[in-house]
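Residues per chain are reported as follows:
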Amino acid sequence: NAGVTQTPKFQVLKTGQSMTLQCAQDMNHNSMYWYRQDPGMGLRLIYYSASEGTTDKGEVPNGYNVSRLNKREFSLRLESAAPSQTSVYFCASRAAQQPQHFGDGTRLSIL
Amino acid sequence: AQSVTQLDSQVPVFEEAPVELRCNYSSSVSVYLFWYVQYPNQGLQLLLKYLSGSTLVESINGFEAEFNKSQTSFHLRKPSVHISDTAEYFCAVRCGGTSYGKLTFGQGTILTVHP
């Protein structure tokens with residue numbers, strides 16, 4: 001029962017480096033989401049994919065890109081990391097009319 | 001656009017005391033409401049949800065929340081907390097219609113249960 005799997009769990013980058021965060025779900029869910037969590041701000045939606053082949057911007061998309069590689073996988077890319085992108089990143093997936101299921105997060109520090 | 005406000009950033013309580021975590025939302029359309037719990041260094045787990053029907057919803061571990069449309073609130077309560085309830089709690093709202101399941105979260109409330 002893997003659910004939503006995120007890799008890596010931890011990462012430290014230097015400013016300007018690029019990085020792809022991976023997310024995979026084995027529940028055959030159509031929709032997938034990327035959030036960032038910052039202290040006192042809750043979770044904010046970066047990008048989402050309502051179904052395979054589609055992606056859309058969320059609340060805070062600047063500095064990020066996403067790829068819905070197939071139904072299982074939804075990756076988040078930072079092309080040129082900035083210290084303001086230091087955060088905990090969560091991937092989630094959902095079947096129609098059901099709540100979202102979350103991964104355990106990727107803790108990303110940018111120096 | 002919808003928004004969620006959790007009125008308390010931190011709530012300290014003693015074990016076996018009652019607790020209420022407050023959540024208010026704003027939305028111009030129908031909503032679905034959720035409470036998620038996050039234990040240290042873990043992801044979010046669904047605690048309970050309101051989709052339709054009875055306005056009082058319960059979780060398996062003794063939490064309950066009541067949807068109050070007139071007050072636009074969805075407060076979380078537990079009559080007697082346990083040390084293991086120490087965690088951060090997030091209220092979230094999803095709008096009806098073609099929202100693609102997107103959630104808007106509150107800022108979170110850290111519940112600390114002291115012995």
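In what follows, the structure referred to is the one given above.
On to the overall build of chain B. Summing up its helical and strand segments, chain B has zero helices and twelve strands in all. Each helix and strand of chain B, placed in order from N terminus to C terminus, yields the pattern β-β-β-β-β-β-β-β-β-β-β-β. Along the longest, intermediate and shortest principal axes, the C-alpha atoms of chain B span 45 × 30 × 25 Å. The proportion of buried residues among the 115 residues of chain B is 44%. In chain B, of all internal contacts separated by at least 6 residues, the share reaching a separation of at least 24 is 57%. Here chain B has roughly 5,700 Å² of accessible surface; of this, 51% comes from carbon and sulfur atoms. Charge separation in chain B, taken as the distance between the mean sites of 7 positive and 9 negative side-chain charges, equals 14 Å.

Turning our attention to the state of the cysteines. Should the sulfur atoms of two cysteines be covalently bonded, the bond is a disulfide. Residues and elements named next belong to chain A. Evaluated as defined, the whole model comprises two disulfides over all chains. Shown here is the disulfide that connects Cys 23 with Cys 91, its sulfur atoms set 1.9 Å apart. An S-S torsion of about -75 degrees defines the bridge between Cys 23 and Cys 91 as left-handed. Of this pair, Cys 23 sits in strand S3 (residues 19-25) while Cys 91 is found in strand S9 (residues 87-94), placing the two residues 68 residues apart along the sequence. Residue Cys 23 is classed as buried on the basis of its relative accessible area, which comes to 2%.

Where side chains of opposite charge bring their charged atoms close, a pairing between them can arise. Scanning the model with the defined rule gives six salt bridges over all chains in all. Residues Glu 79 of chain A and Arg 77 of chain A are paired through a salt bridge, measuring 3.1 Å at the closest nitrogen-oxygen approach. Take Glu 79 of chain A: its relative accessible area is 44%, and that puts it in the partly exposed class. Overall, Arg 77 of chain A belongs to the partly exposed group, its relative accessible area being 28%. With a shortest N-O distance of 2.8 Å, Lys 78 of chain B and Asp 85 of chain B are connected by a salt bridge. Residues Lys 78 of chain B and Asp 85 of chain B agree in their burial class; the two are buried. Where salt bridges share partners, they join Arg 36, Asp 38 and Arg 44 of chain A into one cluster.

What follows covers the sheet that holds S3 of chain A. All names here are of chain A. Spatially, the four strands line up as an open sheet ordered S1-S3-S8-S7, and their pairing is antiparallel. Each having just a single partner strand, strand S1 (4-7) and strand S7 (65-68) make up the two edges of the open sheet. Direction aside, the axes of adjacent strands within the sheet are offset by 15 degrees on average. In terms of strand pairing, S3 meets strand S8 (residues 74-78) through three bridges, oriented antiparallel.

Let us now look at the interface of chain B and chain A. Size of an interface, as often reported, equals the accessible area lost when the parts are brought together. The interface of chain B with chain A comprises 19 residues on the first partner and 19 residues on the second. In total, about 1,600 Å² of surface goes out of reach between chain B and chain A, with carbon and sulfur atoms giving 55% of it. Scanning the region where chain B abuts chain A turns up two residue pairs in polar contact (both at pLDDT 80 or more). For the side of chain B that touches chain A, the secondary structure elements donating two or more residues are strand S5 (31-38), strand S6 (44-50) and strand S10 (87-95) of chain B. When its residues are assigned to classes, the side of chain B that touches chain A shows eight nonpolar, seven polar and four charged.

You can see Val 60 of chain A is positioned in the loop between strand S6 (56-57) and S7. The spacing of Val 60 of chain A and Arg 36 of chain A is 24 residues in sequence and 8.8 Å in space, taken between C-alpha atoms.

Bringing the side chain of Arg 36 of chain A into the picture now. Residue and element names in this part refer to chain A. With respect to the helices and strands, Arg 36 occurs in strand S4 (residues 31-37). Given a relative accessible area of 9%, Arg 36 falls into the buried group. Of note is the side chain of Arg 36, whose polar atom sits 2.9 Å from the side chain of Asp 38. A polar atom in the side chain of Arg 36 sits 2.8 Å from the backbone oxygen of Ser 84. Those residues in contact with Arg 36, other than ones at most four positions away along the chain, are Gly 42, Leu 43, Arg 44, Ile 46, Val 60, Tyr 64, Ser 84, Gln 85, Thr 86, Ser 87, Val 88 and Tyr 89.

Criteria and cut-off values
Residues numbered from 1 in each chain as written. Chains lettered and ligands numbered in written order. Predicted model: local features only at pLDDT ≥ 70, side-chain atom pairs only at ≥ 80, totals over all residues. Heavy atoms only, no water. Helix = DSSP H or I, 4+ residues; strand = E, 2+ residues; numbered from the N terminus. Buried < 20%, exposed > 50% of the residue type's maximum accessible area, 1.4 Å probe, protein only. Contact = heavy atoms within 4.5 Å. Areas by Shrake-Rupley, 256 points an atom, 1.4 Å probe, with all protein chains shown as cover. Lys, Arg positive; Asp, Glu negative; His and termini not counted. Charge placed at Lys NZ, Arg CZ, Asp CG, Glu CD. Disulfide = S-S within 2.5 Å. Salt bridge = Lys/Arg side-chain N within 4 Å of Asp/Glu carboxyl O. Pairing = 2+ DSSP bridges. Axes fitted to C-alpha atoms, helices over the stretch in contact; angles between N-to-C directions. Buried area = accessible area lost by both parts, 1.4 Å probe. Polar contact = N/O pair within 3.5 Å; in protein donor to acceptor, adjacent residues only side chain to side chain. Nonpolar A, V, L, I, M, F, W, Y, C, P; charged D, E, K, R; others polar.

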